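# Structural characterization, general
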Amino acid sequence: MSSKSLTSHEKRSLEIIFVAGAFVLWLFIFRGYFLYQLALGGTAPAYYYRIKYYLDGLWNGIYPMWNPFQSWGYPDVLDMRVLGEFNPFLYVIWLLQGVTQSFYQAYLVYLALYYWLGLLGFYLLAKSVLKEWPLAFVAYVMVMFSSLGPATFTENVINLIFVPLAWFFYFMINFFKQGGQRFLLGMTLALMIILTTYFPFFFVTVFVIFAIAFSMIFFSLLKEIFDRGLKQIWQYKKVTIFCITAVCLSLGPDLLWYRMSHEGQFMFDFRHTGSPYQDVLSMDQDMINNSGISGVVTWRGLFSDLDVFAGTEPIFFYIPIFIYLILLLSILNRVNRLLALLGTLGFFLFFITLADATPIHRFLYDHVYFFKLFRNLFFLLYLSIPIYVLFAMEQLRIFLSAAPLIKQKKGYLLVFVTFIHSVFALFLYRLGNVMGPSYLAVFLSWISFVLYGAGFLKSRFVLLTLLLSMAILSQGIAVNFYVCRNAKPYLIQMDSPRETPSFSFIRPAADHDPLIPEARGYAARRKVMRDSSGFVDSEYVGVRWSHFLLNHADREKLEKYTRYKFVLYDRVEFLNDKSTEAVAVNKIFSEVDKTAYIFDSFASSENKQADQPPKEAQFITENSDQFKIVDFNLNELRLKTNFPVRHFLVYNDSFHKDWAAFINGQKVKVWRANYAFKGVWLPAGENVVYFRYGQTWLYGYYLFLIAFMVFFLGRVIWSFQRKNLGAQCFILQEN
């Protein structure tokens, strides 16, 4: 595929036109989302609301650590981790919002641009591996129009993993190949984003398999690569220390999350139910098996009925049909070490996604701890698409390199190409329900290889690239068109003004909870800064005591009681933490309108007032001279009280050990009251009561990490600008 006839500037211009043009075409196909014609599908609406909730909170100067609106309050750590809140690219939404004047529009543009960012990383990776930008472009188009594209608007978490993963491998390969601190910095930034987004176990799985396979297949080169890496590290000692420090900083959120999962206060009933392990992040084998592809992705489904996907199914696996033609044409190719590496990596990832259909995942679940902590195994299949495409493109490179050399057997080559395409077309015909553009893709592929084999395209690499791209796009455009046509129309208003935390004394009834229509459980909860009833029928996330109440307390009594956030008591009774929980709950809610119950093994009896005549509890419903809310945000509450006698105040927001309370500036004990909520003693007279979740250093650490990663991104961009790559966005870099 010679490109010597073009100048360097011409080649660079073609790259920009081709790469940008393909993305513009992709945007045009999915334009319905941006024009308020198509609705987000799958889990995407839930993630949209979570991201808006988080960014609105941060805009108000609050890092969301506690959600006071759902499940009667719970730590926000799970929602934050799956968003990748430290990812510096996330804050581009604010800039886009300033342009579009719509958060929803800004969010959709962000999703598309972030997907493109990952595709650019993959394109550069393909250039590094394949050595030829036309082949890298064909690989780029194939991945762009695969099922990773629709996932942007249905399961966008996949792209949160794919994007930094692609850039990590690009930077890593070039660090060992070319050297330079810019690649070390880029690799570090990608790793930091990976470690602070969702579960890093998908990356760990891919990387460990890659490392083991690479060490075995390229064993003879290990010493050379190792020495080259040490030389780079020694040459850039200060940068290396800086990068190691940065990675250690980015480990903090996951380590804190892991610690919280072992404390016994947090609860994921839809994940942890049935798990034999204490860690609440762990799952049993059946839960994980349900996220595998066995029985969902079928051989027939790779080719037939590609026009029926509606964007609501959790798994839609599609790679343009051109990839299978390449694999068939390359059956006579010699296997090199790169093919062996990519094939091994893709093979093991595929068999892991099969879950219980093979013994591989069962073995890993039993012997590798982190395989107990993550599900959604089908994510690995999506993440394998770039691997399969690189494998096919390396096969194509070998085939195209060998084809012109067979001058005396050119006729045999043309017969072979024709035979492969004819047999494949017949296979599709016998399969049935194959869309017409699939046959067009086969025809264009045949034309491309026949012309190249005949020598007409030997020096016309631009024309060959266009023909191969057309073979991909002829089917890829059609499949993605049907994805959009079958998607649900945009009927529910998703856009809303920037929110601020809104406090109310009374929660709504259970039948008035804010939900995402046609969704259920945890994913159905519309994460907004307004109260919900706290009642969740399935997929509960929150504090374990609140979860116990939901499952064991009388529903009618519980709903009546929890609608009120503040209750004043004159009479309290202490219960031992070790008392039978079901008995304690029944006792509490039979007398909760008169007595507050405090749970603590070492409670002092001097505070017990059980001998006093019972009085009716006072349910606070509004501000008054005696009780007034002064300030409220996601993590804090400040109020003033002025009662003639001492009372015990129960704040019906979930108890958690990380809550602290201060009265007139003095720290006081926060009791676990009425089984699941917070309680403090209010002295007589005027008081300022301040509730705060989390420690000050943790707020500072999270905010520092956000700023640090934004700074680190700037440092990476600056390091490439020093090499005169800047605005060229790395695309123009020559291999």
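Residues numbered from 1 in each chain as written. Predicted model: local features only at pLDDT ≥ 70, side-chain atom pairs only at ≥ 80, totals over all residues. Heavy atoms only, no water.

Looking only at helices and strands, one finds 28 helices and 16 strands in the protein. Buried positions account for 59% of the 735 residues belonging to the protein. Taking as baseline every contact in the protein between residues at least 6 positions apart, the subset at least 24 positions apart corresponds to 78%. When the accessible area of the protein is evaluated, it comes to approximately 30400 Å², of which 62% is carbon and sulfur surface. (Helix = DSSP H or I, 4+ residues; strand = E, 2+ residues; numbered from the N terminus. Buried < 20%, exposed > 50% of the residue type's maximum accessible area, 1.4 Å probe, protein only. Contact = heavy atoms within 4.5 Å. Areas by Shrake-Rupley, 256 points an atom, 1.4 Å probe, with all protein chains shown as cover.)

In this description, a pair of aromatic rings is defined by centroid distance and the angle of the planes. Scanning all chains against the criterion turns up 100 aromatic pairs. Here the aromatic rings of phenylalanine 89 and tyrosine 114 are separated by 6.0 Å at their centres, their planes lie at 50°, and the arrangement is tilted. Taken together, the residues phenylalanine 89 in the loop between α4 (77–83) and α5 (92–100) and tyrosine 114 in helix α6 (residues 103–130) connect sequence positions 25 residues apart. Residue classification places tyrosine 114 among the buried positions, given a relative accessible area of 5%. Between the aromatic rings of phenylalanine 566 and tyrosine 651, the centroid separation amounts to 4.9 Å while the plane-to-plane angle is 15°, which identifies the pairing as stacked. With a gap of 85 residues between them, phenylalanine 566 in strand β5 (residues 566–569) and tyrosine 651 in strand β11 (residues 647–654) connect regions that are remote in the sequence. For phenylalanine 566, a relative accessible area of 0% gives the class buried. A cation over an aromatic ring shows up here: arginine 50 above the ring of tyrosine 47, its NZ or CZ 4.6 Å from the ring centre. It is lysine 565 that lies over the ring of phenylalanine 503; its NZ or CZ is 4.5 Å from the centre. (Phe/Tyr/Trp six-rings, centres within 6.5 Å; stacked < 30°, edge-to-face > 60°. Lys NZ or Arg CZ within 6 Å of the ring centre and 35° of its normal.)

Moving on, we come to helix α3 (residues 44–59). Residues lying three or four places apart along an α-helix face the same way, a consequence of the helix completing one turn every 3.6 residues. Over its 16 residues, α3 extends 22 Å from the first C-alpha to the last, a length consistent with the 22 Å expected when each residue adds 1.5 Å. Summarising burial for α3: 15 of the 16 residues are buried, a large majority. With its phi angle positive at about 85°, glycine 61 sits one or two positions after the end of α3. (Expected span 1.5 Å × (residues − 1).)

Turning our attention to the packing of helix α9 (residues 157–177) against helix α12 (residues 222–235). As a packed pair, α9 and α12 sit with axes 8 Å apart at the nearest point and diverge in direction by 90°. Relative to α12, the element α9 lies roughly perpendicular. Contact with α9, carried on its side by Phe175, Phe176 and Lys177, involves Ile225, Arg228, Gly229, Gln232 and Ile233 of α12 and no other residues of that element. Looking at the contact of α9 with α12, its residues break down into four nonpolar, two polar and two charged. (Axes fitted to C-alpha atoms, helices over the stretch in contact; angles between N-to-C directions. Parallel < 35°, antiparallel > 145°, perpendicular 65-115°, else oblique. Nonpolar A, V, L, I, M, F, W, Y, C, P; charged D, E, K, R; others polar.)

Attention now goes to the pattern of salt bridges. A complete count under the given rule lists eleven salt bridges for this structure. Of the charged contacts, one joins arginine 228 and glutamate 224 as a salt bridge, the two residues approaching to 2.6 Å between their closest N and O atoms. Residue arginine 228 and its partner glutamate 224 are both found in helix α12; the two are separated by four residues, about one turn of the helix. In this structure arginine 228 comes out as partly exposed when scored by relative accessible area, which is 31%. A salt bridge links aspartate 531 to lysine 565; the nearest nitrogen and oxygen atoms lie 2.6 Å apart. Linking aspartate 531 in the loop between α24 (521–524) and β4 (541–543) with lysine 565 in the loop between α26 (555–562) and β5, this pair joins segments that are 34 residues apart in sequence. (Salt bridge = Lys/Arg side-chain N within 4 Å of Asp/Glu carboxyl O.)

Before going further, it helps to spend a moment on the sheet that holds strand β13 (residues 666–668). Here we have five strands laid out as an open sheet, ordered β9-β10-β16-β12-β13, and antiparallel in their pairing. Because the sheet does not close on itself, it has two edges, and the strands there are β9 (627–632) and β13. Across the sheet, the mean angle separating the axes of adjacent strands is 25° when strand polarity is ignored. Here strand β12 (residues 659–663) pairs with β13 via three bridges, running antiparallel. Residue alanine 661 lies in a different strand from β13, and its bridge partner there is valine 668. (Pairing = 2+ DSSP bridges.)

Strand order across the open sheet formed by seven strands is β6-β7-β14-β15-β11-β5-β8, with mixed pairing between neighbours. In this open sheet, the two strands that pair with only one neighbour each are β6 (572–575) and β8 (618–620). When the angles between neighbouring strand axes are averaged without regard to direction, this sheet yields 35°. Pairing between strand β14 (residues 671–673) and strand β15 (residues 677–682): three bridges, direction antiparallel. Bridging across to β15, alanine 673 finds its partner in phenylalanine 677.

A separate point is the confidence of the model for the protein. Model confidence for the protein is summarised by a mean pLDDT of 87, while 88% of its residues fall at 70 or above. Note that residues 518–523 has pLDDT below 50 and, in this model, 18 contacts with residues that lie over four places away or in other chains. (pLDDT = per-residue confidence, 0-100.)

Residues Val208, Ile212 and Met216 make up a contiguous nonpolar surface patch of about 300 Å² in total accessible area. Relative to the elements of secondary structure, methionine 216 occurs in helix α11 (residues 201–217). Overall, methionine 216 belongs to the exposed group, its relative accessible area being 63%. (Patch = residues over 30% accessible without salt bridge, like charges linked within 9 Å, V, L, I, M, F, W, Y side chains within 5 Å.)

Take the pairing of strand β10 (residues 636–643) next. Alternating positions in β10 separate cleanly, Leu637, Leu639, Thr641 and Phe643 being buried on one face and Glu636, Arg638, Lys640 and Asn642 remaining unburied on the opposite face. The turn linking β9 back onto β10 is made up of three residues. Direction of pairing for β10 relative to strand β16 (residues 685–693): antiparallel, over a ladder of eight bridges. What sits directly across from leucine 639, in β16, is valine 689.

Phi at asparagine 376 takes a positive value of approximately 50°, unusual for a residue other than glycine. Relative to the assigned elements, asparagine 376 resides in the loop between α19 (359–367) and α20 (378–402). On the accessibility criterion, asparagine 376 (15% relative accessible area) is buried. Non-glycine residue asparagine 674 carries a positive phi angle of around 50°. Inspection of the secondary structure assignment puts asparagine 674 in the loop between β14 and β15. Of the residues examined, asparagine 674 reaches a relative accessible area of 0% and is grouped as buried.

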